[in-house]
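Coordinate inspection notes
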Amino acid sequence: MAADALPAAGECHLWSVPVRARPEWEALLAPDEAVRAAAMPGGGRRDLLVTSRAAQRLVAHRYTGRPVRELRIERTCPRCGAAHGRPRVAHGGFDYSVTHTRHRVLIAVVAQGLVGIDLDTSPYPGVPRRLIARTATPGERAALSRLPAREVPEAFTRLWSRKEAVVKLTGHGLAARLDRIEVRGDLARPEGSPAEDWPAFPVHLRDVRAEGGRIAALASTRRITAVVPRSLSAPATTRNARFA
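If you're wondering where the values come from, they're calculated on a predicted model, not measured in any experiment.

1. Concerning the sheet that holds strand β7 (residues 181–182)
What the five strands build is an open sheet, ordered β6-β10-β9-β8-β7; its pairing is antiparallel. Pairing within the sheet leaves two strands with one partner each, and these edge strands are β6 (115–119) and β7. With six bridges connecting them, strand β9 (residues 203–209) and strand β10 (residues 215–220) associate as antiparallel partners. Paired with Asp 207 across the two strands is Ala 217, which belongs to β10. Sheet contacts for helix α5 (residues 152–170): β6, β7, β8 (187–190), β9 and β10; angle to β6, the most-contacted strand, approximately 145°.

Here it is, written out as structure tokens:
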């Protein structure tokens, strides 16, 4: 099978994979992933692990053409050396980020710069004030306070998703101070220092409508002008329609 072309300049490929039991995909896992999956009882958590890890390898195979089992995905954290860092395909020639709900895995891929993605969960009825105080900047808190109460959960969820996408891109995760990252516009703006080694490069933001009406937040070091949906079931030569 011919390899997929990498995303063009300004493009992000968005791979969407439903979570379900796929015993045949367990053979695609790395040895440590297979051991971890085998130790889990059957059901949702195991299906999610297998779907996410195997899908990442299948997507990398689509771009590189290399056998799935020979691909090396590194997750070493540059700060502490543990295996919880940003995933990276060794010699892949692209950057990617993964997010999921219980029912779907999304993988965002760019060929230039870095990318982070987060898929929102359904807004819950009330947002605790202490959570807003801990994660929103003063400007964001003021904007939320001006909204009708019924609109606050969705607005806060969108802010949260954007911040999650940013800290996935930088590799800080929740070790960063979310209340020091302003994400209301099309750029993430640090207020003070979100983390000791916070990067100086700009981080662009974009929202994308995903299945089920959910919003996926994208963060990138190069501005994304087009999001191209991709499917593992579609052949490499198929060019899917773009999201607006």
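2. Some details on the side chain of Thr 99
Examined against the element boundaries, Thr 99 turns out to sit in strand β4 (residues 95–100). Residue Thr 99 is classed as buried on the basis of its relative accessible area of 3%. Here Leu 119 takes part through its backbone nitrogen, which lies 3.0 Å from a polar atom of the side chain of Thr 99. Thr 99 has contacts with Arg 104, Val 105, Leu 106, Ile 117, Asp 118, Leu 119 and Lys 168, leaving out every residue within four places of it along the chain.

3. Here's the deal with unusual backbone geometry
One non-glycine residue, His 91, adopts positive backbone phi at about 60°. Tracing the backbone shows His 91 in the loop between β3 (88–89) and β4. For His 91, a relative accessible area of 67% gives the class exposed.

Here is what the cut-offs are and how they apply
- Residues numbered from 1 in each chain as written.
- Predicted model: local features only at pLDDT ≥ 70, side-chain atom pairs only at ≥ 80, totals over all residues.
- Heavy atoms only, no water.
- Pairing = 2+ DSSP bridges.
- Helix = DSSP H or I, 4+ residues; strand = E, 2+ residues; numbered from the N terminus.
- Contact = heavy atoms within 4.5 Å.
- Axes fitted to C-alpha atoms, helices over the stretch in contact; angles between N-to-C directions.
- Buried < 20%, exposed > 50% of the residue type's maximum accessible area, 1.4 Å probe, protein only.
- Polar contact = N/O pair within 3.5 Å; in protein donor to acceptor, adjacent residues only side chain to side chain.

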